[in-house]
Amino acid sequence: MVGPPPLQGLKVLEFAGLAPGPFAGLLLADAGAKVLRIDRYTPGVPAPTPDMLTRRKSSIAVDLKSPDGVRLIKDLAKKADIIIDPFRPGVLEKLGLGPEILCAINPRLIYGRMTGFRRDGRYAPMAGHDINYLAVSGVLSLLGRSDEKPHPPINILADFAGGGATLFQGILLAVISREKTGKGQVVEANMVDGASYLATFPRQILKTPVGDHPRGENLLDGGSPYYDTYETKDGKYMAVGALEPQFYAALIKGLGLGDQNWEKRRLDREVWPEMRRQFEEIFKSKTRSEWEKVFDGTDACCTPVLEYSELETDAGREGDQRPAVTLRETPCLAISEKAADPSIHGQGSGVPGGGYVGQLLSPGEGAEDALSNWFGWTKGKDFYIENGGVVLKPKSKI
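Conventions and cut-offs
Residues numbered from 1 in each chain as written. Predicted model: local features only at pLDDT ≥ 70, side-chain atom pairs only at ≥ 80, totals over all residues. Heavy atoms only, no water. Core = buried A, V, L, I, M, F, W, Y, C linked by side-chain atoms within 4.5 Å. Buried < 20%, exposed > 50% of the residue type's maximum accessible area, 1.4 Å probe, protein only. Helix = DSSP H or I, 4+ residues; strand = E, 2+ residues; numbered from the N terminus. Contact = heavy atoms within 4.5 Å. Axes fitted to C-alpha atoms, helices over the stretch in contact; angles between N-to-C directions. Parallel < 35°, antiparallel > 145°, perpendicular 65-115°, else oblique. Left-handed = near helix turned anticlockwise from the far one by under 90°. Nonpolar A, V, L, I, M, F, W, Y, C, P; charged D, E, K, R; others polar. Salt bridge = Lys/Arg side-chain N within 4 Å of Asp/Glu carboxyl O. Pairing = 2+ DSSP bridges. Patch = residues over 30% accessible without salt bridge, like charges linked within 9 Å, V, L, I, M, F, W, Y side chains within 5 Å. Areas by Shrake-Rupley, 256 points an atom, 1.4 Å probe, with all protein chains shown as cover.

So, the nonpolar core
Consideration 1: Counting residues in hydrophobic clusters, the biggest one holds 34 residues, and the most contacted among them are Leu 7, Val 12, Leu 28, Ile 82, Ile 84, Leu 167 and Ile 171.
Consideration 2: Those elements that place two or more of their residues in this core are α1 (20-30), β4 (82-85), β5 (110-115), α5 (130-137), α6 (157-181), β6 (186-190) and α7 (191-198).
Consideration 3: The residues contacting Ile 84, other than those within four sequence positions of it, are Val 12, Leu 13, Glu 14, Phe 15, Gly 21, Ala 24, Gly 25, Leu 28, Gly 112, Leu 167 and Ile 171.

Some remarks on the packing of helix α9 (residues 245-255) against helix α10 (residues 272-283)
Between two packed helices, what matters for the description is the angle formed by their axes and the separation of those axes.
Consideration 1: Packing of α9 against α10 brings their axes to within 11 Å, and their N-to-C directions diverge by 50°. In terms of their interaxial angle, α9 and α10 are classed as oblique. The way α9 lies across α10 gives a crossing that is left-handed. Contacts between α9 and α10 involve Tyr 248, Leu 251, Ile 252 and Leu 255 from the former and Met 275, Phe 279, Ile 282 and Phe 283 from the latter.
Consideration 2: The residue makeup of the contact of α9 with α10, split by class, is eight nonpolar, no polar and no charged.

As for the pattern of salt bridges
Oppositely charged side chains are able to pair whenever their charged atoms sit close together.
Consideration 1: Summed over the entire model, instances satisfying the criterion amount to 22 salt bridges.
Consideration 2: Between Asp 30 and Arg 55 there is a salt bridge; the shortest N-O distance is 2.7 Å. Taken together, the residues Asp 30 in helix α1 and Arg 55 in the loop between β2 (34-40) and β3 (57-62) connect sequence positions 25 residues apart.
Consideration 3: On the basis of relative accessibility, which here comes to 19%, the residue Arg 55 falls in the buried class.
Consideration 4: The salt bridge partner of Asp 193 is Arg 118, with a shortest N-O separation of 2.8 Å. Of this pair, Asp 193 sits in helix α7 while Arg 118 sits in the loop between β5 and α5, placing them 75 residues apart in sequence.
Consideration 5: On the basis of relative accessibility, which here comes to 30%, the residue Asp 193 falls in the partly exposed class.
Consideration 6: When its relative accessible area of 45% is taken as the criterion, Arg 118 is described as partly exposed.
Consideration 7: Linked through salt bridges whose partners overlap, the residues forming this network are Glu 93, Arg 113, Arg 119 and Glu 188.

Here we look at the pairing of β5
Consideration 1: Burial runs high along β5: six of the six residues are buried.
Consideration 2: Burial along β5 is two-sided: the residues Ile 110, Gly 112 and Met 114 and Tyr 111, Arg 113 and Thr 115 are all buried.
Consideration 3: Relative to β6, β5 is paired through five bridges, and the arrangement is parallel. Residue pairing for β6: Thr 115 is matched across the bridge by Asn 190.

Topic: a nonpolar patch on the surface
Consideration 1: A cluster of nonpolar side chains, contributed by Phe 201, Val 210, Leu 220 and Tyr 227, occupies part of the molecular surface with about 320 Å² of accessible area.
Consideration 2: Looking at the element boundaries, Tyr 227 is found in strand β7 (residues 227-231).
Consideration 3: Given a relative accessible area of 32%, Tyr 227 falls into the partly exposed group.

Quick word on the environment of Leu 26
Consideration 1: Along the chain, the position of Leu 26 falls in helix α1.
Consideration 2: A relative accessible area of 5% means that Leu 26 is categorised as buried.
Consideration 3: In sequence terms Leu 26 and Asn 132 are 106 residues apart; their C-alpha atoms lie 24 Å from each other.
Consideration 4: Every residue in contact with Leu 26, bar those within four places of it in the chain, is listed here: Leu 53, Arg 55 and Lys 57.

As structure tokens, this is what we get:
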């Protein structure tokens, strides 16, 4: 019998945004927090926003440019635990909803702020995306093949790892601190520092033999033939990471190259080009599934490069999406609809699509239930909905 998820009882107000802010809210929701997204009020029938990181969230539509809308947010903040601000510096302050105001209303409030660039840096007022934050952090300079331009990965590093996940970490630290002090605080994360922090080890090895060659010519960035990917006969790929001598020996054995005496010369860069040439030739001699039969169960550090289409449809590929960490006593909520063991797969019934299909959320969807369950507000008595937007009723002065 497992206990409730670790963040059950926490109330989160997430101002609508894209990518890092919603991802922080998603991590909180998956851990049991109740997340209410604050969408911008638009007259007429509200359409779903592009944000797909909405599982387990509700929404209210609010006119933040009206005094009534600002008053509504202030009332919500009185009972909230966490706020997620995804805007550029100064946006919520101009609306009268900055931390100096909301944290004064609720001293226990944790006010999380997410920006791309540093708030105190030269790029603070500028627009940007994942590639820009990686660029000025220095991380992008590490990514790419030799003699080619820096190549950004899909927006994992800055938006999600250095952004949303880092803000989530900061919020959790503030929750722990609040248990000791009884007070909330402002939590500021930016994707430049978040990405740079993730690159602590790659940055430090630039001054060691492991990483002191140009981009794409080092042990861990594609320069080494035994830390790379190789195309197979059927146009798929195998990933090789046989760094240690015993793992390299297992790789060479599986490839049928034990007669080359490369085990003793694997660190010799002079033999790397020929080694790579032979690896490429041999890997193309079999299909990926044939190479799996060779290397499965060995310590060769040689595995298939699986695609999400396979992971979603082939149960044998272990593609069921699970919580990022396993809490045996108080597990997070399940993602897969086929979750069986709550302590491993997460508790609850999972979500439609099992983590492979994003769920759109229309502004105002679930608003009435959220306001009732969270704050005890009743439609008609405490608020009304006008053209899809929530409006607080004036309080009696008697």
